[in-house]
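# Commentary on secondary and tertiary structure
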Amino acid sequence: MARRVQIDIEGLEEKITAFMKVERRSSLAQMIRVLVEEALEARGEPPILEEFPEEAATNFIKALARGKQPSLEEMAELARSLSLSEKELLAVCDRVLKEKE
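Residues numbered from 1 in each chain as written. Predicted model: local features only at pLDDT ≥ 70, side-chain atom pairs only at ≥ 80, totals over all residues. Heavy atoms only, no water.

Moving on, we get to the pattern of salt bridges. Scanning all chains against the criterion turns up two salt bridges. The partner of Arg33 in a salt bridge is Glu37, and the shortest N-O contact between them spans 2.7 Å. Of this pair, Arg33 and Glu37 both sit in helix 2 (residues 28–43), four residues apart, roughly one helical turn. Residue classification places Glu37 among the partly exposed positions, given a relative accessible area of 39%. (Salt bridge = Lys/Arg side-chain N within 4 Å of Asp/Glu carboxyl O. Helix = DSSP H or I, 4+ residues; strand = E, 2+ residues; numbered from the N terminus. Buried < 20%, exposed > 50% of the residue type's maximum accessible area, 1.4 Å probe, protein only.)

All of the buried residues in helix 4 (residues 72–81) are Met75, Leu78 and Ala79. Buried positions in helix 4, seen along its axis, are confined to an arc of 100° and lie on one side of it. Exposed side of helix 4, more than 90 degrees from the buried face: Glu73 and Arg80 are the residues found there. Of the surrounding secondary structure, the elements contacted by the buried residues of helix 4 are helix 3 (54–65) and helix 5 (86–97). One or two residues past the end of helix 4 sits Ser83, with phi positive at roughly 55°. (Arc of directions from axis to C-beta. Contact = heavy atoms within 4.5 Å.)

Judged by nonpolar contacts, Ala56, Ala57, Phe60, Met75, Leu78, Cys93 and Val96 together constitute the single largest core of seven residues. With sequence-adjacent residues up to four places away left out, Met75 is seen in contact with Phe60, Pro70, Leu89, Cys93, Val96 and Leu97. Counting residues in hydrophobic clusters, the runner-up holds six residues, among them Ile9, Ile16, Met31 and Val34. (Core = buried A, V, L, I, M, F, W, Y, C linked by side-chain atoms within 4.5 Å.)

We now examine the packing of helix 1 (residues 13–22) against helix 2. Packed helix pairs are characterised by how far apart their axes lie and by the angle those axes make with each other. As a packed pair, helix 1 and helix 2 sit with axes 9 Å apart at the nearest point and diverge in direction by 90°. Considering their axes alone, helix 1 and helix 2 lie roughly perpendicular with respect to each other. Between helix 1, through Glu13, Ile16, Thr17, Phe19 and Met20, and helix 2, the contact on the second element is made entirely by Leu28, Met31, Ile32 and Leu35. Broken down by class, the residue content of the contact of helix 1 with helix 2 amounts to seven nonpolar, one polar and one charged. (Axes fitted to C-alpha atoms, helices over the stretch in contact; angles between N-to-C directions. Parallel < 35°, antiparallel > 145°, perpendicular 65-115°, else oblique. Nonpolar A, V, L, I, M, F, W, Y, C, P; charged D, E, K, R; others polar.)

Quick look at the structure:
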């Protein structure tokens, strides 16, 4: 048996109906199904979410707490686990490795 859901299409019905007419779909539900399938196909495979590696965060925080600078490897590992961009990682490195004045 097909799984069904209710969705709010307020503000979308006119546009969906226009696609429905152009593509000669017989029902609103059928057109919505096609649009959802196309959107999912366009996005590709969903990323695999990894569990938050607590060890990377723990090592990073412990190094800071001990007054030590975390190594570049520790910062890179933490950045990967948090999905930080290269720009964000460089900003973290600049702040952490900045010499005390």
